[in-house]
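Spelled out from the first residue to the last, the chains are:
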Amino acid sequence: MTQASPTLSIQHVAVAFNDGPPVIEDLSLDVAEGEFVAIVGPSGCGKSTLLKVISGLLPARAGQIHVAGPAANGPKPRIGFMFQRDTLLPWASVASNIAVGCELSGLPKEKHAGRIAELIALVRLQGYENHYPGALSGGMRQRVSLARLLAYDPDIFLMDEPFGALDYQTKILMGRELLRIWEASRRSIIFVTHDIEEAVALADRVIVMSTRPGRIVAIHQSLFKRPRDPRSLRGDPRFGALVQTIWSELAVAD
Ligand SMILES: Nc1ncnc2c1ncn2[C@@H]1O[C@H](COP(=O)(O)OP(=O)(O)O)[C@@H](O)[C@H]1O
Ligand SMILES: [Mg+2]
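Residues numbered from 1 in each chain as written. Chains lettered and ligands numbered in written order. Predicted model: local features only at pLDDT ≥ 70, side-chain atom pairs only at ≥ 80, totals over all residues. Heavy atoms only, no water.

Participant: I tried to follow the site of ligand 1 on my own but got confused; where do I start?
Facilitator: Taken together, Phe-17, Val-23, Pro-42, Ser-43, Gly-44, Cys-45, Gly-46, Lys-47, Ser-48, Thr-49 and Arg-212 make up the full set of residues near ligand 1. Residue Gly-44 places a main-chain N or O atom 2.7 Å away from an oxygen atom belonging to ligand 1. Gly-46 has a polar backbone atom sitting 3.0 Å from an oxygen atom of ligand 1. Considered on its own, ligand 1 offers 560 Å² of accessible surface; in the complex 60% of this is hidden by protein. The greatest single-element share of the shell around ligand 1, amounting to 3 residues, is contributed by helix α1 (residues 47-55). Looking at the shell around ligand 1, its residues break down into 4 nonpolar, 5 polar and 2 charged. (Near = heavy atom within 4 Å. Polar contact = N/O pair within 3.5 Å; in protein donor to acceptor, adjacent residues only side chain to side chain. Areas by Shrake-Rupley, 256 points an atom, 1.4 Å probe, with all protein chains shown as cover. Helix = DSSP H or I, 4+ residues; strand = E, 2+ residues; numbered from the N terminus. Nonpolar A, V, L, I, M, F, W, Y, C, P; charged D, E, K, R; others polar.)

See below:
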């Protein structure tokens, strides 16, 4: 990958709610264009809060966040969010939910149907276009959420434990699907998880956070080449070693 200027630059960010103690303290992180960054940390350390601050949903008390678009003077960069629980419209079909993303992206109306069909194929939901979210499994609903996110076409994907509510097997399959899609389109992703193995399997870099107030205690550059199959990676001794290292860093951070 060519070394581009960071898509996202977080400089000395601190966050607190009202007059409370800091939730995040002096956190700095650059994310390169097309980089897949995972953040792991104990529950309550400020992972979700950090994503909200990046997206502009929450103000930072100190520090700066800079998000750059693909072109220096081009349109404002887009930030897309995906949560653990899907936020699909229950009264709209799979196709209509994905259409919301097309709408927000500004794609001309006449191109929506084609794009929706493409995305449905990409997330392997052919035949479910007219189903409602209530009739789908958790994994399928997250595929629809992912398709909607892709339809919005953000420059940065913020993913907050997107597969955290799924059973183990579905979670691994979804990770593999996400990599397949990401390897074809290479957008910047910040993927928050409390699952160390998931982080190591998916990311280019794994960021380890301390307990509240959240700080970065370690950064690991991935040793694994792409394209990857997260399932077979798990049998690699280096995989287990890195997972163990991160476990011990979290134990120290606790
Ligand atoms: N709206 C809020 N008001 C006050 N405190 C909050 C609010 N949201 C989160 N917190 C606190 O901030 C800390 C970090 O929360 P969060 O970012 O959700 O953690 P994580 O996602 O890492 O589990 C927690 O101690 C939580 O109680
Ligand atoms: Mg959270």
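Now that the structure has been shown, we can carry on.
Participant: I keep staring at the sheet that holds strand β5 (residues 79-82) and nothing clicks. Help me out?
Facilitator: Strand pairing in a sheet is mediated by backbone hydrogen bonds. Such pairs are either parallel or antiparallel. The strand order across the open sheet formed by 6 strands is β5-β6-β7-β3-β8-β9, and the pairing between neighbours is mixed. Looking along the sheet, the strands with just one partner apiece sit at the ends: β5 and β9 (216-221). Averaged over all neighbouring strand pairs, the angle between strand axes comes to 15°, with direction disregarded. Summarising the sheet, strand β3 (residues 36-40) and strand β8 (residues 205-209) pair through 4 bridges and their orientation is parallel. Each bridged residue has a counterpart across the sheet, and for Val-40 the counterpart in β8 is Val-208. (Pairing = 2+ DSSP bridges. Axes fitted to C-alpha atoms, helices over the stretch in contact; angles between N-to-C directions.)

Participant: Could you clarify how one ought to interpret the side chain of Glu-161 in this entry?
Facilitator: In this structure, Glu-161 sits in the loop between β6 (156-160) and α5 (168-185). For the buried Glu-161, no salt bridge is present, and the opposite-charge side chain at shortest range is Lys-47, 4.6 Å distant. Once residues lying within four places of it in the same chain are set aside, the contact partners of Glu-161 are Lys-47, Phe-83, Gln-84, Val-192, Thr-193 and His-194. (Buried < 20%, exposed > 50% of the residue type's maximum accessible area, 1.4 Å probe, protein only. Lys, Arg positive; Asp, Glu negative; His and termini not counted. Salt bridge = Lys/Arg side-chain N within 4 Å of Asp/Glu carboxyl O. Contact = heavy atoms within 4.5 Å.)

Participant: What am I meant to see in the confidence of the model for the chain here?
Facilitator: Detailed reading of the predicted coordinates is not advisable wherever pLDDT falls low. Here the chain averages 92 in pLDDT, and 96% of its residues register 70 or above. No element of the chain has a lower mean pLDDT than helix α7 (residues 230-233), which averages 86, and none a higher one than β3, which averages 98. (pLDDT = per-residue confidence, 0-100.)

Participant: Quick question: what am I supposed to make of the packing of aromatic side chains here?
Facilitator: Within a pair of aromatic rings, the relevant descriptors are the distance that separates the centres and the angle that separates the planes. Under the defined criterion, the tally for this structure stands at 5 aromatic pairs. Centroid distance Phe-224 to Phe-239: 6.3 Å. Interplanar angle 40°. Geometry classified as tilted. With a gap of 15 residues between them, Phe-224 in the loop between β9 and α7 and Phe-239 in helix α8 (residues 237-253) connect regions that are remote in the sequence. Residue classification places Phe-224 among the buried positions, given a relative accessible area of 8%. (Phe/Tyr/Trp six-rings, centres within 6.5 Å; stacked < 30°, edge-to-face > 60°.)

Participant: What am I meant to see in the domain arrangement of the chain here?
Facilitator: Where the parts come together, the accessible area they lose is often given as the size of the interface. Here the domain parsing of the chain yields domain 1 (1-47 + 59-77 + 156-254) and domain 2 (84-154). On a C-alpha basis, the centroid separation for the pair domain 1 and domain 2 is 25 Å. Contact residues are listed per partner, giving 16 residues for domain 1 and 14 residues for domain 2. Interface area lost by domain 1 to domain 2 is led by Phe-157, Met-174 and Ile-181, which between them contribute 34%. Applying the counting rule to domain 1 against domain 2 returns 3 salt bridges. At 6 residues, α5 tops the list of elements feeding residues into the side of domain 1 that touches domain 2. (Domains from an automatic or database assignment. Buried area = accessible area lost by both parts, 1.4 Å probe.)

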